[in-house]
2 protein chains.
Amino acid sequence: MTVDTSTMTLAALDLEDAPSLTIADRLFDQLRQAIVEGEIPAGSKISEPALAARYGVSRGSLREALQRLEAIKLIERRANVGARVVQLSSTELLEIYSVREGLEAMAARLAAERMSDAGIAELKALLERHRQELAHEDWQRYFQQEGDLDFHFRIARGSGNRRLIEILCNDLYHLTRLYRCQFGMKSHRTREALREHELIVEAIAARDGELAEWLMRRHIRASRQATEQQLALITAGHPPSAINGPRVRRPRRPTTRPPATPN
Amino acid sequence: MTVDTSTMTLAALDLEDAPSLTIADRLFDQLRQAIVEGEIPAGSKISEPALAARYGVSRGSLREALQRLEAIKLIERRANVGARVVQLSSTELLEIYSVREGLEAMAARLAAERMSDAGIAELKALLERHRQELAHEDWQRYFQQEGDLDFHFRIARGSGNRRLIEILCNDLYHLTRLYRCQFGMKSHRTREALREHELIVEAIAARDGELAEWLMRRHIRASRQATEQQLALITAGHPPSAINGPRVRRPRRPTTRPPATPN
DNA sequence: TCAAGATGGATTGTCGACAATAAAGACGGC
DNA sequence: GCCGTCTTTATTGTCGACAATCCATCTTGA
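The structure presented is a predicted model; accordingly, all values stated were derived computationally and were not measured.

Enquirer: I tried to follow the sheet that holds strand E1 (residues 45-46) of chain A on my own but got confused; where do I start?
Expert: Sheet strands pair via backbone hydrogen bonds, and the direction of the pair is either parallel or antiparallel. Residue and element names in this part refer to chain A. Across the sheet, which stays open at both edges, the 3 strands sit in the order E1-E3-E2 with antiparallel pairing between neighbours. A single partner strand is all that each edge strand has here, and the edge strands are E1 and strand E2 (75-78). Looking at chain direction, E1 and strand E3 (residues 82-85) are connected through 2 bridges and run antiparallel. Counted as the bridge partner of Lys45 is Arg84 from E3. Contacts between helix H3 (residues 59-71) and the sheet are confined to E1 and E2, with E2 contributing the most and set at about 115 degrees to the helix.

Pasting the structure below:
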């Protein structure tokens, strides 16, 4: 389920231009996965010598991978200080939803206008699989989440807009996965979400760009609201460990330091 | 007129956290400006040893700057081959407009909801300056273009959405400047654009997010259409040097090579 | 007792040299 | 004369060591 999205093109059978993977490339993929899945805990400081030794590479290659992770906003770096894994606050999480709303609504419209018939058929097949998975509730908890992302992922690709695809699939996609792992959120509205997905696909199949855009916007807004409610419950319930308010600028003398990566 | 946008925050007087600029930071800024303004021609190959010598830095620092340039899509790199400055095709240019439409429409809505009264006052003052500049036609050609970007820039910041701001101001902003320099486009609808800007600000001042969003979307679409028409004229007129069709995947044996940077 | 400054330790930024890879040109076969 | 293969050359990827910077602790004075 961890497909390499960075090298995927619209037609995956593109003769695969002998990617010539470099060490930094592989490291980037590994670290990205490790961060998204929580193997490297959120908020932890990243020690360059330690990580370099851990993965058996030079510090230079590691720094290159770190810089790419910074570019997709999975880690934050400060000069002469170091890097740490991002700690998504609830406000930042909601910010991502706003960006996705604007971008994915546009993607849905473009997909309705320009997606190939074959692509639409694949979309329908995907939804059919999701319906079946939803039948036996066991898989629902995790796979439906991945399936949700897969759906949005394909709509983005269906837009045919390279820059749109890159922003959605290379940056926001991984951030979304990260927060779902961090906050441990299991969607309580998979059934409604699936129904909304179906409506969107119908609009795309009917080549109704305006409707597809509107449906996608409403879908993401509903998802955002559900998340907002869950967040309110979480923050009110047990003391938040991974959730903190608006980012404090410079904690001059913090009494307790954030945990370092346990190497 | 080349403000450093990367370190600008909502309140520019933020005590400026002693940014501790590193060599790669400065190089990044310099190279970005050089590329955007055409000093390093579009499509030219970048030789790491040559550039490193030219700027008097190590190749390592240069590579770090290059990697950041790649992150904001100003250069393209291939492993074991090298980097070259982007060559915006007309389709890619229009793609950027679509992304901006989705993002800036959202930004306008958020700005209407959350922008401070002081910020709105500044916006109005900015428009007043633009009106005056538009009075004596001399400045129109170049400054109005910068003024246009400045307007959109401020709306984005007014959204208060950090991620939205970063995408718009750190990535798309420079790309837009780049293509305006590359294609040598002077807007022939500055007067209409200014009027549209005024309407948007009115909507924001009235806290009408829905209207602001709708106006911004229409504004960007109109700008896109004007660009589309200009592109059609250009491609039909003289032989296009900076404009090429859909990107060719692998020019196996190109008879003529793109120009290298003249060092 | 608290605050401010100096000091030590560790981490990051920077650099030059070596190895691996791909592009360009020479050579030979068809 | 043209195509495929091999060699050469230049460029990029990778590495380890040194220098600059920051953080934490300790010291000193009021």
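Next comes the rest of the description.
Enquirer: Looking at this model, I keep getting lost on the UniProt feature "domain: HTH gntR-type" (unreviewed entry) in chain A. Mind explaining?
Expert: As recorded in UniProt, the feature "domain: HTH gntR-type" (unreviewed entry) lies at residues 21-88 of chain A. Within the segment residues 21-88 of chain A, helix and strand shares are 51% and 15% respectively, and the terminal C-alpha atoms sit 30 Å apart.

Enquirer: Even after reading the chapter, I still don't get the packing of aromatic side chains, so can you show me in this structure?
Expert: Each aromatic ring pair is summarised here by two numbers: the centre-to-centre distance and the angle between the ring planes. Applying the stated rule across the entire model yields 6 aromatic pairs over all chains. Where B:Phe153 meets B:Tyr173, the ring centres are 5.1 Å apart and the plane angle is 40 degrees; that geometry is what we call tilted. Of this pair, B:Phe153 sits in helix H6 (residues 140-158) while B:Tyr173 sits in helix H7 (residues 162-182), placing them 20 residues apart in sequence. Residue B:Phe153 is classed as buried on the basis of its relative accessible area, which comes to 8%. In textbook terms, an aromatic cluster arises when at least three aromatic residues are bridged by ring pairs, as seen for A:Tyr97, A:Tyr179 and A:Phe183.

Enquirer: For this particular structure, what's the right way to read helix H8 (residues 190-205) of chain B?
Expert: Think of an α-helix as 3.6 residues a turn; residues three or four steps apart then line up on the same face. Taking 1.5 Å per residue as the helical rise, H8(B) with its 16 residues ought to reach 22 Å, and the 22 Å between its terminal C-alpha atoms agrees with that figure. Positive backbone phi, at 60 degrees, marks B:Arg207, one or two positions downstream of H8(B).

Enquirer: Can you help me understand the confidence of the model for chain A in this one?
Expert: Low-pLDDT stretches of the model should not have their predicted coordinates read in fine detail. All names here are of chain A. Per-residue confidence for chain A gives a mean pLDDT of 84, with 79% of residues at or over 70. Overall, residues 1-17 carries pLDDT values under 50, and its contacts beyond four positions in sequence, including any with other chains, amount to 25 contacts. Within the model, pLDDT remains below 50 along residues 239-263, and this stretch shows 35 contacts once partners closer than five positions in the same chain are excluded.

What counts, and where the lines are drawn
Residues numbered from 1 in each chain as written. Chains lettered and ligands numbered in written order. Predicted model: local features only at pLDDT ≥ 70, side-chain atom pairs only at ≥ 80, totals over all residues. Heavy atoms only, no water. Pairing = 2+ DSSP bridges. Helix = DSSP H or I, 4+ residues; strand = E, 2+ residues; numbered from the N terminus. Contact = heavy atoms within 4.5 Å. Axes fitted to C-alpha atoms, helices over the stretch in contact; angles between N-to-C directions. UniProt positions renumbered as here; feature names shortened; annotations may be inferred. Phe/Tyr/Trp six-rings, centres within 6.5 Å; stacked < 30°, edge-to-face > 60°. Buried < 20%, exposed > 50% of the residue type's maximum accessible area, 1.4 Å probe, protein only. Expected span 1.5 Å × (residues − 1). pLDDT = per-residue confidence, 0-100.

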